[in-house]
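Residue-level structural notes
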Amino acid sequence: METQRVIVVGGGAAGVFAAIACAEAAPDMEVTVLEKGPRLLSKVRISGGGRCNVTHHCFDPRDFAARFPRGGRELIGPFQRFQARDTVQWFESRGVKLKTEGDGRMFPVTDSSETVIDCLLQAAQSAGVRLVTSCGVEGVEKPGDGSFGLRTSHHEELVCDQLLLATGGCRTPVLGQLAVSLGHTLEPPVPSLFTFHIETPWLRELSGVSVEAEASVAGAGLRERGPLLVTHWGLSGPVVLRLSAWGARALSELNYRFALRINWLPHLKAGALGTELDRRRRSEAARLVVNAPVPPITARLWEALVKAAGIAHETRWADLSRSAQHRLIQQLTQTEFPVTGKSLNKEEFVTCGGVRLKEIDFRTMQSRICRGLYFAGELLDIDGITGGFNFQAAWTTGWIAGRSMAGQTVRD
Ligand SMILES: Cc1cc2nc3c(=O)[nH]c(=O)nc-3n(C[C@H](O)[C@H](O)[C@H](O)COP(=O)(O)OP(=O)(O)OC[C@H]3O[C@@H](n4cnc5c(N)ncnc54)[C@H](O)[C@@H]3O)c2cc1C
């Protein structure tokens, strides 16, 4: 029998993981990874600030899938076959121990992405995967005999029996052209996981302040609660990143210009804040309003909010008028900031959009349109919130695609 040839286009997390899964399951197959850049796994290297947030400590497939604004429903089945627990075991069995941080993110105990890269490259080498760098695939065709013909940037013509496209997020549609040329449709790409530009001077002066808050975008149905970070260009932190992920398309349609509402005291029930301020008017009458923050608001933030509510610095609780108290409550629970644009989040960003999910069989990651063609990773219209979810989607879809190409039945 002739040797079966598998080509994986894209040497990122999904492509390399798929190649290893395929070659380990079918040692007789010839598995090649073609990477257009000079190095493999370049995003793994820079990920998580150089520490690589490999996955998230959440071992329930449905819970895990709920962190994906796009692709969550389709990923439930795949996570039942290869999930975060399998990733932990996969790396541990190859000598890479992972640790969990307080917020659930999992990193190698070395705190270095190089450990993850070394492990993957070592596993690929042991499984006999051919790794070719600086070799971009520029065109693909399917002549009709079941094989695929690839044209590379080296002006080589390569032939394979099964093809996996794992070329990563298509920030511009041209990056999804290989899939399109084989009959697939791209959902238009827009960025996800970005931070908000806000020009309000008093907010920017608070740069560095971090609080637990609730942020919402009226009209877009977006609301998130958690850590919020003031930066010198606006707002960032997990709350903003989650809003940007769930609202990636809606916020792009608004051209990243919208009103953002912040509740700085989300743990207080409606009415409780008024009661607390009334109590201060009675029992702390002589104290300056500006000097008495409601916990957990920090002194700096409180002072700015009091000022933004139009309350003079020297106002004592006893002198706080009803209307000024009302303005203060408004400011504390629904400060409205005009967002005027977005910035890249340097820690992690992904593309919303990509190959349409209906066109893929998620039991195998094979195309429903073109036999022998497989997909994995961010090229698909799949993206998760920040925290290790995006790499897990790459490991999971890569593993399933690799095993399927190897001819292994993947359990439902
Ligand atoms: C700065 C940053 C930090 C991140 N940190 C984290 C994190 O800590 N945790 C997390 O879960 N996610 C993180 N992410 C997201 C995560 O990196 C991606 O979701 C993940 O890398 C997707 O894997 P992939 O293999 O699908 O794509 P990629 O990693 O993008 O790999 C695709 C590869 O294909 C190659 N390629 C493209 N076209 C061709 C072609 N025509 N021919 C040959 N090769 C081609 C590309 O050069 C690239 O190397 C981060 C993203 C960024 C940008």
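Attention here is on the structure that accompanies the text. (Residues numbered from 1 in each chain as written. Predicted model: local features only at pLDDT ≥ 70, side-chain atom pairs only at ≥ 80, totals over all residues. Heavy atoms only, no water.)

Topic: the overall build of the protein chain
When helices and strands are tallied, the protein chain shows 14 helices and 21 strands. Overall, the C-alpha framework of the protein chain stretches about 90 × 40 × 35 Å when taken along its three principal axes. The 412 residues of the protein chain split such that 55% are buried. Nonlocal contacts in the protein chain, meaning residues at least 24 apart in sequence, comprise 72% of its contacts between residues at least 6 apart. Only carbon and sulfur atoms are counted for the fraction: they give 49% of the accessible area of the protein chain, which is about 18200 Å². (Helix = DSSP H or I, 4+ residues; strand = E, 2+ residues; numbered from the N terminus. Buried < 20%, exposed > 50% of the residue type's maximum accessible area, 1.4 Å probe, protein only. Contact = heavy atoms within 4.5 Å. Areas by Shrake-Rupley, 256 points an atom, 1.4 Å probe, with all protein chains shown as cover.)

Details of the pattern of salt bridges
As a working rule, side chains carrying opposite charge can pair if their charged atoms are close by. Inspection of the entire model under this criterion finds 23 salt bridges. Note that Arg-356 and Glu-187 form a salt bridge whose closest N and O atoms lie 2.7 Å from each other. Here Arg-356 is found in the loop between strand 18 (350-355) and strand 19 (360-361), whereas its partner Glu-187 is found in strand 11 (residues 186-192), with 169 residues between them in sequence. For Arg-356, a relative accessible area of 30% translates into the label partly exposed. Glu-224 is paired through a salt bridge with Arg-242; the nearest N and O atoms lie 2.8 Å apart. With Glu-224 in strand 14 (residues 222-230) and Arg-242 in helix 9 (residues 238-246), this residue pair connects regions lying 18 residues apart in the sequence. Accessibility assignment for this pair places Glu-224 and Arg-242 in one class, buried. Each member of the salt-bridge network shares a partner with another, and the members are Arg-51, Lys-99, Glu-101, Asp-103, Arg-105 and Asp-111. (Salt bridge = Lys/Arg side-chain N within 4 Å of Asp/Glu carboxyl O.)

What about the sheet that holds strand 4 (residues 98-100)?
Here we have 3 strands laid out as an open sheet, ordered 3-5-4, and antiparallel in their pairing. This sheet does not close on itself; its edge strands, each paired only once, are strand 3 (55-56) and strand 4. By the bridge criterion, 2 bridges tie strand 3 to strand 5 (residues 105-108) in an arrangement that is antiparallel. Residue pairing in the sheet places His-56 in a bridge with Arg-105 of strand 5. (Pairing = 2+ DSSP bridges.)

Observations concerning the packing of helix 4 (residues 72-81) against helix 14 (residues 389-405)
Contact geometry for helix 4 and helix 14: axes closest at 10 Å, N-to-C directions at 70°. Put simply, helix 4 runs roughly perpendicular to helix 14. Together, Leu-75, Pro-78, Phe-79 and Arg-81 of helix 4 and Gln-392, Ala-393, Thr-396, Thr-397, Trp-399 and Ile-400 of helix 14 make up the contact between the two elements. Considering only residue class, the contact of helix 4 with helix 14 consists of 6 nonpolar, 3 polar and 1 charged. (Axes fitted to C-alpha atoms, helices over the stretch in contact; angles between N-to-C directions. Parallel < 35°, antiparallel > 145°, perpendicular 65-115°, else oblique. Nonpolar A, V, L, I, M, F, W, Y, C, P; charged D, E, K, R; others polar.)

Some points on the packing of aromatic side chains
For the structure on display, the rule yields 18 aromatic pairs. Each ring, one from Trp-202 and one from Phe-337, has its centre 5.5 Å from the other, and the planes form 50°; the classification is tilted. Of this pair, Trp-202 sits in helix 8 (residues 201-204) while Phe-337 sits in strand 17 (residues 335-344); the two residues are 135 residues apart in sequence, bridging distant segments of the chain. For Trp-202, a relative accessible area of 22% translates into the label partly exposed. Centre to centre, the rings of Trp-264 and Phe-337 are 6.4 Å apart; their planes meet at 85°, and the pair counts as edge-to-face. On the criterion of sequence distance, the pair formed by Trp-264 in the loop between strand 16 (258-263) and helix 11 (272-283) and Phe-337 in strand 17 is long-range, its members being 73 residues apart. As far as burial versus exposure is concerned, Trp-264 and Phe-337 are alike and both buried. Aromatic ring contacts, followed pair by pair, group Phe-17, Phe-82, Trp-90, Phe-91, Phe-391, Trp-395 and Trp-399 into a single cluster. (Phe/Tyr/Trp six-rings, centres within 6.5 Å; stacked < 30°, edge-to-face > 60°.)

Re the site of the ligand
Near the ligand there are 32 residues, and of these Ala-14, Glu-35, Glu-347, Glu-378 and Phe-391 occur at the shortest range. Ala-13 places a polar main-chain atom, nitrogen or oxygen, 3.2 Å from an oxygen atom of the ligand. Interatomic distance of 3.0 Å between a backbone N/O atom of Asn-53 and a nitrogen atom of the ligand. Burial of the ligand by the protein chains amounts to 92% of its free accessible area of 990 Å². Those elements that provide at least two residues to the shell around the ligand are helix 1 (13-25), helix 2 (42-50) and helix 14. Per element, the largest residue contribution to the shell around the ligand is 4 residues, and it comes from helix 2. (Near = heavy atom within 4 Å. Polar contact = N/O pair within 3.5 Å; in protein donor to acceptor, adjacent residues only side chain to side chain.)

With respect to the nonpolar core
The biggest cluster of nonpolar side chains holds 91 residues, and the ones touching the most others in it are Leu-120 and Leu-163. Per-element accounting of this core gives the leading share, 10 residues, to helix 1. Other than its neighbours up to four places away in sequence, Leu-120 contacts Val-16, Phe-17, Ile-20, Leu-41, Trp-90, Phe-91 and Trp-395. One finds Leu-206, Leu-288, Leu-305 and Phe-337 within the second-largest nonpolar core, a separate group that totals 49 residues. (Core = buried A, V, L, I, M, F, W, Y, C linked by side-chain atoms within 4.5 Å.)

Comments concerning the packing of helix 11 against helix 13 (residues 322-334)
A pair of packed helices is characterised by two quantities: the angle between their axes and the separation of those axes. At a minimum axis distance of 11 Å, the contact between helix 11 and helix 13 shows a crossing angle of 135°. The angle between helix 11 and helix 13 falls in the class oblique. Between helix 11 and helix 13 lies a crossing whose hand is right-handed. On the side of helix 11, the interface is formed by Leu-273, Gly-274, Leu-277, Asp-278 and Arg-281, while helix 13 contributes Arg-322, Gln-325, Leu-328, Ile-329, Leu-332 and Thr-333. Classifying every residue of the contact of helix 11 with helix 13 gives 5 nonpolar, 3 polar and 3 charged. (Left-handed = near helix turned anticlockwise from the far one by under 90°.)

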